Amino acid sequence: MNITTIGLELKSYIKLSETELARILETEVDTLRSASLHLLEAGGKRIRPTLVFLSALCVNQNVEKVIKYAAVVEGIHLATLIHDDVIDESNVRRGMLSVNGKYGFKVAILSGDFILAKITHFLSLLENKEPVRLMAEVIMRMAEGEVMQQEDLFKIVSIERYIVRCTNKTARLISSSAFLGSIDVLDKRNIFAEFGLNLGIAFQIIDDILDFTGEVKKLGKLPGSDLRSGVVTLPVLLLSKKRREVEILLEKKLEDGINKVIEMVKNDNVLKESVNLARHY
Ligand code: GRG
């Protein structure tokens, strides 16, 4: 199979997984259905379902059998994006109105809860109970990662703690996507999980770098917005020679100070160093 054929096949399997997700999220309450599916229709790269299908293809797993897992990982991703936008009070996601922007924060919280409950219920009915246990752990860890991030706002923490945050917030779901695609191949699935974990950490690091270097149009937000909301990421943590100066600037939580730190990041070697650390994973 060549790359073009794989690409075309992937596209059609991703479509099938979206239909499956819409089926899993079926409800008689129209607002809840449209709020839960809003971000699916808004866009997104579908990295997690793609990883499910690619790992299935790599191990010669029947791709039809993993459509449900592709639906599940994108569904959990949607719920976390919805809750994340409530926490950040962000009105834009995937270049469109976020769920809280469109339906208000109460419906947004409830639709995130609804998606998680529906998916857990769906998985609990499968004969193999491993996926429901795995996804419950991923969801727990994501909540832990997000709370750690809230505790760390405007603080210079250790790189180790930052990596734990990336692992919990982002990498475990990406890892489980690679695992679920290869779940029936017992001697390979843990290798895929480990690959996915490293890929997920690198993915979050690059996402954090792009917050400093990306364009408004592609980011869908102003560069430096992570730091403006207090989320201190790798490039800032690597400003080790100016650590005390950065700490003082961030402690005040004032726009001028934050802009100064953004300039320090751009004028230092830390963006390059951050890319190197991402490459290491
Ligand atoms: C368990 C519901 C629940 C919440 C836990 C809000 C929260 C607490 C965690 C936030 C997790 C989060 C949003 C992490 C960021 C991960 C990330 C890099 C998202 C962007 O992923 P892309 O680039 O987005 O794949 P698209 O839109 O392309 O799918």
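The protein chain carries the name Heptaprenyl diphosphate synthase in an unreviewed UniProt entry, which gives Thermodesulfobium acidiphilum as its organism. The UniProt entry for the protein chain carries the following text under Sequence similarities (unreviewed entry): "Belongs to the FPP/GGPP synthase family." Under the Cofactor (unreviewed entry) heading, UniProt states for the protein chain: "Mg(2+)".

A few words now on the overall build of the protein chain. Assigned secondary structure in the protein chain consists of 15 helices and two strands. Computed over its C-alpha atoms, the radius of gyration of the protein chain comes to 19 Å, within 12% of the 19 Å expected for a compact globule of 281 residues. Looking at the protein chain residue by residue over its 281 residues, the buried ones come to 37%. Taking as baseline every contact in the protein chain between residues at least 6 positions apart, the subset at least 24 positions apart corresponds to 69%.

Moving on to the site of the ligand. Gly-44, Lys-45, Asp-84, Met-142 and Glu-146 are the nearest of the 21 residues found near the ligand. For the shell around the ligand, the secondary structure elements donating two or more residues are α4 (67-88), α6 (105-124), α7 (130-151), α8 (159-181) and α9 (189-213). When residues of the shell around the ligand are assigned to their parent elements, the largest contribution, seven residues, is made by α4.

What follows covers the packing of α6 against α7. Two quantities define a packed helix pair, namely the angle between the helix axes and the distance between the axes. Interhelical geometry of α6 versus α7 gives an angle of 155 degrees and a closest axis separation of 8 Å. Here α7 runs roughly antiparallel to α6, going by the angle between their axes. As for the relative orientation of α6 and α7, their crossing is left-handed in sense. Contact with α6, carried on its side by Leu-116, Ile-119, Thr-120, Leu-123 and Ser-124, involves Pro-131, Val-132, Met-135, Ala-136 and Ile-139 of α7 and no other residues of that element. Partitioning the contact of α6 with α7 into residue classes produces eight nonpolar, two polar and no charged.

What follows concerns the environment of Asp-226. Of note, Asp-226 is situated in helix α11 (residues 225-228). Judged by the 21 C-beta atoms lying within 10 Å of it, Asp-226 is buried. Along the backbone, Asp-226 and Asp-208 are 18 residues apart, and their C-alpha atoms lie at a distance of 7.9 Å. In this structure Asp-226 touches Asp-208, Asp-211, Val-231 and Thr-233, once residues within four positions along its chain are discounted.

As a further point, take the packing of α4 against α7. Running from N to C, α4 and α7 cross one another at 20 degrees; their axes reach a closest spacing of 12 Å. Of the possible angle classes, the one that applies to α4 and α7 is roughly parallel. At the point where α4 passes α7, the crossing takes the right-handed sense. On α7, the residues touching Tyr-69, Val-72, Ile-76 and Thr-80 of α4 are Pro-131, Met-135, Val-138, Ile-139 and Met-142. Grouping the constituent residues of the contact of α4 with α7 by class yields eight nonpolar, one polar and no charged.

Conventions adopted
- In every chain, residue numbers begin from 1 and rise along the written sequence.
- The predicted origin of the model limits local features to residues at a pLDDT of at least 70 and limits the giving and counting of side-chain atom pairs to 80 or more, whereas totals for whole chains, interfaces and linings rest on all residues.
- UniProt positions are given in the numbering used here, feature names are shortened, and annotations may be inferred rather than shown by experiment.
- Counting from the N terminus, the helices are DSSP H or I runs at least four residues long and the strands are E runs at least two residues long.
- The size measure is the radius of gyration over C-alpha atoms, and the globule rule it meets is 2.2 Å times the number of residues to the 0.38 power.
- Using C-beta atoms placed from the backbone, we call a residue buried if 20 or more other C-beta atoms fall within 10 Å of its own, exposed if 12 or fewer do, and partly exposed for counts in between.
- What counts as a contact is two residues whose backbone-derived C-beta atoms lie within 7 Å of each other.
- We call a residue near a molecule or strand if the C-beta atom, set from the backbone, is within 6 Å of it.
- Note on definitions: angles span 0 to 180 degrees between N-to-C directions of axes, and those axes are lines fitted to C-alpha atoms, for helices only across the stretch in contact.
- Roughly parallel means an angle under 35 degrees; roughly antiparallel, over 145; roughly perpendicular, 65 to 115; everything else is oblique.
- Take the far helix as the reference: if the near one is turned anticlockwise from it by less than a right angle, the crossing is left-handed, and if turned clockwise, right-handed.
- Think of it as three bins: nonpolar holds Ala, Val, Leu, Ile, Met, Phe, Trp, Tyr, Cys and Pro, charged holds Asp, Glu, Lys and Arg, and polar takes everything else, Gly as well.

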